[in-house]
Each structure stands twice: as structure tokens, then as C-alpha cells.
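A closer look at the structure
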Protein chains: 2
Amino acid sequence: MLPTEILLSEVGPRDGLQSVRATMPTADKLRWIDALHAAGLREIEVASFVPARLLPQMADAAEVVRHAVTLPGLTVMALVPNRRGAEAALAAGVHKLTMPVSASPAHSLANVRKTPQEMVEEVRAIADLRRDTAPQVRLEAGISTAFGCTLQGTVPEDEVIRLAVQCAQAGADEVGLSDTVGYANPAQVRRLFRRLRAELGDRAGAAHMHNTRGLGLANCLAAYDEGVTTFDASLGGLGGCPYAPGASGNVVTEDLVFMFEAMGVRTGIDLERLIAARAPLVAGLPGEPVYGMTPEAGLPKNFSQEYLRA
Amino acid sequence: MLPTEILLSEVGPRDGLQSVRATMPTADKLRWIDALHAAGLREIEVASFVPARLLPQMADAAEVVRHAVTLPGLTVMALVPNRRGAEAALAAGVHKLTMPVSASPAHSLANVRKTPQEMVEEVRAIADLRRDTAPQVRLEAGISTAFGCTLQGTVPEDEVIRLAVQCAQAGADEVGLSDTVGYANPAQVRRLFRRLRAELGDRAGAAHMHNTRGLGLANCLAAYDEGVTTFDASLGGLGGCPYAPGASGNVVTEDLVFMFEAMGVRTGIDLERLIAARAPLVAGLPGEPVYGMTPEAGLPKNFSQEYLRA
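Residues take numbers from 1 onward in each chain, read along the sequence in its written order. Both sets of labels track the order of writing: A upward for chains, 1 upward for ligands. In keeping with the model being predicted, local features are shown solely for residues with a pLDDT of at least 70 and side-chain atom pairs are shown and tallied solely at 80 or more, while totals for entire chains, interfaces and linings include all residues. Only hydrogens and water are removed before side-chain values are computed, so all heavy atoms of the structure are retained for them.

In the nomenclature of an unreviewed UniProt entry, chain A is known as Hydroxymethylglutaryl-CoA lyase of Variovorax ginsengisoli. UniProt positions are given in the numbering used here, feature names are shortened, and annotations may be inferred rather than shown by experiment. A UniProt comment under Sequence similarities (unreviewed entry) is attached to chain A, and it reads "Belongs to the HMG-CoA lyase family."

And the structure:
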């Protein structure tokens, strides 16, 4: 029996903004997050707690979190690469921390200047910090480059699963798999999530898919078939991969919601309001391309999401 | 056990060209078809045999067919809406005829000025003609708007299956299902192809999916999971749906080949040569947008199709 409900985790305000050159003004970020929440999103990755000199787009992370936690029913998530970031994120009041642990040593060093093994130790340190200071906060680890790496090429599946198990043992509540560079294919997605669930059970986490080669939704479908119930996505597909010029990055939230809702799988998201949430994104990032086929094509005739208003 | 090989049926020179305003010069069409064949495509829908006053793009249909049949190993297909078209296509030497039979009465009347039932009778007439004059030629019926219709909205699944069975009884060798307007979702694709195969066995035919709302590849994956082994696709996604401005139409051949090859499912198509086959398309239709993520992003590092050269 496949799940009849899934959770869409919107990553645009963090993953998306981190990948664009421009800095979105704080006021626009808040309007955008409000619009996402109004559309029915229940989990949003709103910021990254990294030094402002490295990522000026995230200089307002604490302010964004302090606003987002005022929205009822929302789980406010932030990315933290290390203990210092986690301390700041917890001080700001986040509900959930997410940590990037790359399965490719080359990518890990380029991304966070640590080896995969050193990042497992960071997970442990932050899990301990969380336990001692904010036990209600959830901790997620996302295995980056789980399906391949532009620097390294193939990433051994055994290595991905080994690292995921280590993150869970180090204290992560859930461990997801990320197709950071858009290399994944549905057969591989099925294999890896099947193994992940066999090892971690309910602590097997989100599928974070990119649409770099057009396979984003097919890969999400493959993960869904394996029982995955949390999917990362980005409004307007914001978040291009720097290694794939012109190609969009993250799976487009609008198209993913349309796919699941059309299949009869509930997301809790109102598609029309979701499409309306593109307006503050576009206003805050003038000139930045946004992707998504469903917003352009419109909803099918007689397409109904009436249950949302019921 | 899922199929380890599939057949990609390229529909760009017919379906694609029929949807654009411009007329591609015959010499460019032939260069394009040559390039598709050189990339490994083994079935191409090269033309539509309809009155030139209705579709000036197809005025050279017989000439295109006469050239295409000189390419070794190629199955040359043409669309025919009626007996007169079939006679002309057979005279030109096609290997396979395909007939559009719409499950939506409104769409059927708009498209071919006949009801679905009248089209079943056309299938019967052409099956008889084929039997008497060219028994080696294959006859396919494609059920249009099988997943919904922009004019009618929902199309009853029972009606789609009933029509497919009638087409097979009337003499079609294979009956496929077409998502003419891009309404299909993976759950529906699975349901309908499962029923089609239960009714028709090996005469259950191709999946013809559109990417109007971004679900094209996910729907192809769903059809593959149900045992479908023939997939229509269009180079560069040529073939926009007039009801969905700005949205691409047919599933992009390049992305579909990448998906299956990455999964280890053989298509017989060389991706680099396939991407090179975009050049004559672009040259013959200046200014026309072409789609496809894989050509923009490039192939993954270490991605190999070495078996093709083995």
C-alpha cells in the first residue's frame, strides 16, 4: 500500500537563494515565506547559518527564522554546517536542523572543507548540543552527491549507505539522500532508498532531487514507490546547479504538487495559492529565471482540489 | 522482470512539425531524419498524409517517405486520418500506418471531423485495404486524449479501453494510448496501461506522453513499470500543445533516452549523436524553441554507453 499523503519540504529560501548571485531583501524573503505558508506548505528550509562573509544572501538568517516561527503549524528548518551555525540557529528558534554530509570526499572538501568522516563527527557534536539544549528540535542529515558527483563521477552505493547509517548512529533523527548534481535515475533511486529503509526504517528521510537532466519528477515517483514520504522541492525550481549552466536545479514544487495531487496523493497544498506564491519570489529577485511547467500550462479542465476547502 | 530494452519511436518530423507554424524545407527534413537514423533511432514517424491545403507542412509527405525507406533498418511510419491518406502512404512505401482515434467526441470532431465510432470504422477500412494490398505493413491505432481532454475535461477510462478493444477488433495490430494534452499522471498511466494489456496482450502499444505539465518522463516510467516497451518522443520536445502556450509538448527524446540508458535499459540510441541531430532541426526551423534538459546540462561524468560501440 503506497502512502496516501506526503510532505513537501520547500527549500527555495535556503537552497534556492544560496545558488543565485543576487541577494533577496529580507522583506521580500518574509513575504515569500508567508505566501508559501498560506499555500499550505508545512515545512520550509528558510535559511543557512553560515558566516555572512561567505554567503551574504544568508546574513539575515536569524531574522528570517524569528519571523517564520510565528507562522502557525509551520516547521521551520535551517541548514547548519557546523556547531557554531547550530548554536546560532537554535538561538534563533528553529524547529529542525539539517546538515549536509557529502558522500563524495572531493565535494565534501569543496563544500564544507571537511571530509565525510569529519562531518559525521559534526553531526554527533550537534546531536549532543541539541540533546543538552533543545531536545524538541529535530536533526536531519542529508547525504549529498548520493547519486553521483560532478567532481568524482560515480559514488559507490555502499559508501552512501554506510555514511547514512553512521549519521543515524551519531544522532540524526532522519537521514535523506540528495541528488546534488542531477545524476540520479529512477532505478538507482529505488535501489538506494530501498537499502536506506532496510537499514534505517522510519529514520530513512527525504528525497532531495534535482531536475538538471529533466528526471526530477520521475526520480521522486521512484522514491515514492519505495515508501518515501518527504520530498524536498523549490518554488520555481530556484537553485540552479553551477555545473549545469542553463539547466534548472531543484525539482519544481509546483510540478511536484501537481503530480502527487493528480495521482490522488495528498500534499495539503493549494496549487493556485502555490502558483500565486511565485509573485513575491519574482519581485524579490528581478531577472532571475523561474521554472515550472504547470504554472505556464495551467491546471487541467475539471481538475479539483476541493478536499482542501472541505 | 521489467524489460531490458525499449523502442523509442521518434515523432518529431510528423507530430512536431505539425504543431509549429513554419514549414520546414524538404531538404532539411531529410537531413534531420538522416541524423536521427544515424543516432540509432529505428522507428520514425516521418509524415502525415493529409490534404496539403490543410497542412502545408506535410505537402512533401510522399517524397519524405520515399527517402526514409532507403535508410537501412528503419521502420518508416506515417499518420493517416482516412482511407485516401492510407492509399497515398502505402503508394509511397511506408512500413507502418498510425491512425488517431480520439476518445473524446469533441476532440475527435475538431481533429478529424468524425466521431470516435466513425474512426473505428476508418480503422476497419484501412485494415482491409492493408490486408488486400500490403499485408506486410503494420497498422497502429493511437487513442488520443486517453488521459483527458482540454475540450471535454475528464475522459472515462472505460470508454478509452472500449475504444482500444474496438480498434484491435477492427484490425489494428497495436493500440497505444496518447496523452494528447498533457493531463496524465503516473497513477492513471499505470491503471490504463494495466487494463490495456489485460485486454489486448501483446497488441497493447506505445505510450505517447506529453510534457506539458512536466510529468512526461514520470509518466513514461509509470508505463514502463507496466511493461510498455514502445515510447513516442520528439527531438527537442518539438510539438507544443496549442492549448498550453509556452509549455513544451511531446516528451523530449534526449531526456527519455538519458533516463532509460542511465537505468540500464537499452534504447540502441547514441546520446551524443542524438544531441547532434538537433542541428538540422534547428537549421530547418530558425527561431523555433527546442527543449530538453540533458542537451543543456551535458552527460554525467563517467557516463558510458560503451555497449553501443561494442
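The next thing to look at is the interface of chain B and chain A. Throughout, a residue-residue contact means that at least one pair of heavy atoms, one from each residue, lies within 4.5 Å. The partner chain A presents 40 residues to the 40 residues of chain B that form the contact. The contact between chain B and chain A buries some 3000 Å² in all, and 60% of this surface belongs to carbon and sulfur atoms. Basic side-chain nitrogens of Lys or Arg form a salt bridge, by our definition, when they fall within 4 Å of a carboxyl oxygen of Asp or Glu. At the junction of chain B with chain A, the criterion picks out 2 salt bridges. Between B:D225 and A:R190 there is a salt bridge, with its nearest N and O atoms 2.9 Å apart. In the analysis that follows, any N or O atom pair within 3.5 Å is treated as a polar contact, provided that within protein one partner can donate a hydrogen and the other can accept it, and provided that, for residues neighboring in sequence, both atoms belong to side chains. The tally of links from chain B across to chain A stands at 14 residue pairs in polar contact (both at pLDDT 80 or more). Buried area is a sum: the accessible area each of two parts loses on coming together, probed at 1.4 Å, counted once for each and added.

The next point concerns the nonpolar core. Here, the term nonpolar core denotes a set of buried Ala, Val, Leu, Ile, Met, Phe, Trp, Tyr and Cys residues that are joined through side-chain atoms within 4.5 Å. For every residue, the accessible area (1.4 Å probe, protein chains only) is compared with the maximum for its type, and the residue is labelled buried under 20%, exposed over 50%, or partly exposed between those bounds. The biggest cluster of nonpolar side chains holds 202 residues, and the ones touching the most others in it are A:I143 and B:I143. Here a helix means four or more residues in a row that DSSP labels H or I, a strand means two or more in a row labelled E, and each is numbered from the N terminus. When residues of this core are assigned to their parent elements, the largest contribution, 8 residues, is made by helix α7 (residues 157-170) of chain B.

Right, let's talk about the pairing of strand β8 (residues 230-233) of chain B for a bit. In regular strands, side chains alternate between the two faces of the sheet. Residues and elements named next belong to chain B. Neither face of β8 is open: one carries T230 and D232, the other F231 and A233, and all of them are buried. In short, DSSP must find at least two bridges between two strands for them to pair. In this structure, strand β1 (residues 7-10) lies alongside β8, joined through 4 bridges in parallel fashion. Each bridged residue has a counterpart across the sheet, and for L7 the counterpart in β8 is T230. Sheet topology places strand β7 (residues 204-208) next to β8; 2 bridges connect them, and they run parallel. The partner of A207 across the bridge, within β8, is F231. With strands facing away from the observer, any crossover in which the path from the first strand over the helix to the second runs clockwise is taken as right-handed. As a crossover connection, the stretch from β7 through helix α9 (residues 216-225) into β8 is right-handed.

A few words on the pattern of salt bridges. Residues and elements named next belong to chain A. Inspection of the entire model under this criterion finds 42 salt bridges over all chains. A salt bridge links R194 to E226; its shortest N-O distance comes to 2.5 Å. Linking R194 in helix α8 (residues 186-200) with E226 in the loop between α9 (216-225) and β8 (230-233), this pair joins segments that are 32 residues apart in sequence. Several salt bridges share partner residues, and in doing so they unite E43, K96, R138 and E174 into one network.

The next thing to look at is the packing of aromatic side chains. Residue and element names in this part refer to chain B. Geometry of aromatic contacts follows a simple scheme: Phe, Tyr and Trp rings, the Trp one being its six-membered ring, pair when their centres are within 6.5 Å, and the pair is stacked under 30 degrees between planes, edge-to-face over 60, tilted otherwise. Summed over all chains, the structure comprises 6 aromatic pairs over all chains. Taking the centre distance of 5.3 Å and the plane angle of 50° together, the rings of F258 and F303 count as tilted. On the criterion of sequence distance, the pair formed by F258 in helix α10 (residues 253-263) and F303 in the segment after α13 (293-297) is long-range, its members being 45 residues apart. Overall, F303 belongs to the partly exposed group, its relative accessible area being 24%.

Attention now moves to the pairing of strand β5 (residues 138-144) of chain B. All names here are of chain B. Along β5, 6 of the 7 residues are buried, which leaves the element largely enclosed by surrounding structure. Pairing geometry for strand β4 (residues 96-102) and β5, over 7 bridges, is parallel. Paired with M99 across the two strands is A141, which belongs to β5. Two elements, β5 and strand β6 (residues 174-178), share 4 bridges in a ladder whose sense is parallel. Opposite A141, over in β6, you have V175 as the bridge partner.

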